[in-house]
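# Close look at the chain arrangement
In case you want the letters, here they are:
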Amino acid sequence: NAGVTQTPKFRVLKTGQSMTLLCAQDMNHEYMYWYRQDPGMGLRLIHYSVGEGTTAKGEVPDGYNVSRLKKQNFLLGLESAAPSQTSVYFCASSPRGPTNQPQHFGDGTRLSIL
Amino acid sequence: AQSVTQLGSHVSVSEGALVLLRCNYSSSVPPYLFWYVQYPNQGLQLLLKYTTGATLVKGINGFEAEFKKSETSFHLTKPSAHMSDAAEYFCAVSPSNDYKLSFGAGTTVTVRA
């Protein structure tokens, strides 16, 4: 029962570097989400996807891009990392259907930008 | 638009004591309400959810929450705290016509022996 798997678990970047975070889910869920978690601020939605080939902006999308080329994968990209993007990033997924479906979360990627 | 307020960023309780975590929300449409728990270095796990029907909702690990529409609240309780309850707890809301969640800032629970 893998559920939602995030890769990598930890990463340290220098300002200006780029990287991609990978999220994979094996539950055949239609919806996928990327959040960032910062102390005292809860989780904030960065981008989300309602299906393969579709993406949309969330609450804090600036500085990030996403792609959903395959239904099971949702990639989060940082083109030019900034110290303000130091955070813990969580991916989640949920099935299509009634909007009361809970989201399933990965274990997070801890990203530090120096 | 909806917002979620969790009163108290840290709560400390003695083992065996009542745990009470407060959550208030604002929503323009009837909401669905969730409580999630996050253990150190892990993702979020669903504790319980309210969608429709009975306003007292029972979840895992002995937790329950009551939806009070008149007070726009969804407080989480557990009658007797256990050391394993030490974690961060998040209240989340989604409008009934949307699947996106809005999270509160979280409450960290510590349990004293």
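Structure's up top.
Scope of this entry: the structure provided in the associated data block. (Residues numbered from 1 in each chain as written. Chains lettered and ligands numbered in written order. Predicted model: local features only at pLDDT ≥ 70, side-chain atom pairs only at ≥ 80, totals over all residues. Heavy atoms only, no water.)

### Here's the deal with unusual backbone geometry
Residue and element names in this part refer to chain A. Applicable threshold: Counting from the N terminus, the helices are the DSSP runs of H or I reaching at least four residues and the strands are the DSSP runs of E reaching at least two. Exposure is judged per residue with a 1.4 Å probe applied to protein chains only, and the accessible area is read against the type maximum: over 50% gives exposed, under 20% gives buried, and values in between give partly exposed.
Note the cis peptide between threonine 7 and proline 8, where omega equals -5°. With respect to the helices, strands and loops of the structure, proline 8 is situated in the loop between strand E1 (4–7) and strand E2 (10–13). Positioned with a positive phi, asparagine 28 is a non-glycine residue whose angle comes to about 60°. Along the polypeptide, asparagine 28 turns up in the loop between strand E3 (19–25) and strand E4 (31–37). Under the relative-accessibility criterion, asparagine 28 is labelled exposed at 56%.

### A few points about the sheet that holds strand E6 (residues 56–58) of chain B
Residue and element names in this part refer to chain B. Stated formally: Strands are labelled as partners when DSSP assigns at least two bridges between them. Think of each axis as a best-fit line through the C-alpha atoms, taken over the contacting stretch in the case of a helix, with angles from 0 to 180 degrees between the N-to-C directions.
Here we have five strands laid out as an open sheet, ordered E1-E3-E8-E7-E6, and antiparallel in their pairing. At either margin of the open sheet sits one strand with a lone partner, and together these are strand E1 (3–7) and E6. Averaged over all neighbouring strand pairs, the angle between strand axes comes to 20°, with direction disregarded. As defined by bridge partners, strand E3 (residues 19–26) adjoins strand E8 (residues 73–78) across four bridges and the pair is classed as antiparallel. For leucine 20, the partnering residue across the bridge sits in E8 and is threonine 77.

### A word on the interface of chain A and chain B
Our working rule: Note on contacts: a residue pair qualifies if any of its non-hydrogen atoms lie within 4.5 Å across the two residues. Two parts lose some accessible area (1.4 Å probe) when they are put together, and adding that loss for both gives the buried area. The salt bridge criterion pairs a side-chain nitrogen of Lys or Arg with a carboxyl oxygen of Asp or Glu, the two atoms within 4 Å. Within 3.5 Å is the distance limit for a polar contact, defined as a pair of N or O atoms, with the added protein rule that one can donate a hydrogen and the other accept it, and that residues adjacent in sequence qualify only through two side-chain atoms. Any residue outside Ala, Val, Leu, Ile, Met, Phe, Trp, Tyr, Cys, Pro, Asp, Glu, Lys and Arg is labelled polar, Gly included; the first ten of those are nonpolar and the last four are charged.
In this complex, chain A contributes 21 residues to the contact, which on the side of chain B involves 24 residues. The largest share of the area that chain A buries against chain B comes from Thr99, Asn100 and Phe105 of chain A, three residues that together contribute 31% of it. Across the chain A-chain B interface, the total number found is zero salt bridges. Where chain A packs against chain B, one counts three residue pairs in polar contact (both at pLDDT 80 or more). Listing elements by their share of the side of chain A that touches chain B, those giving two or more residues are E4 and strand E5 (43–51) of chain A. Among the residues making up the side of chain A that touches chain B, the classes are represented as 11 nonpolar, eight polar and two charged.

### Some points on the environment of valine 60 of chain A
Examined against the element boundaries, valine 60 of chain A turns out to sit in the loop between strand E6 (54–57) and strand E7 (64–67). As a C-alpha pair, valine 60 of chain A and isoleucine 46 of chain A span 14 residues in sequence and 4.8 Å in three-dimensional space.

### A short note on the nonpolar core
We apply this condition: Side-chain atoms within 4.5 Å are what join buried Ala, Val, Leu, Ile, Met, Phe, Trp, Tyr and Cys residues into a set we call a nonpolar core.
Counting 27 residues, the largest nonpolar core has Leu21, Trp35, Leu47, Leu48, Phe74, Leu76 and Tyr89 of chain B as its most contacted members. Put simply, the parts of the chain that give this core at least two residues each are strand E2 (10–14), E3, strand E4 (31–38), strand E5 (44–50), strand E7 (64–68), E8, strand E9 (87–95) and strand E11 (107–112) of chain B.

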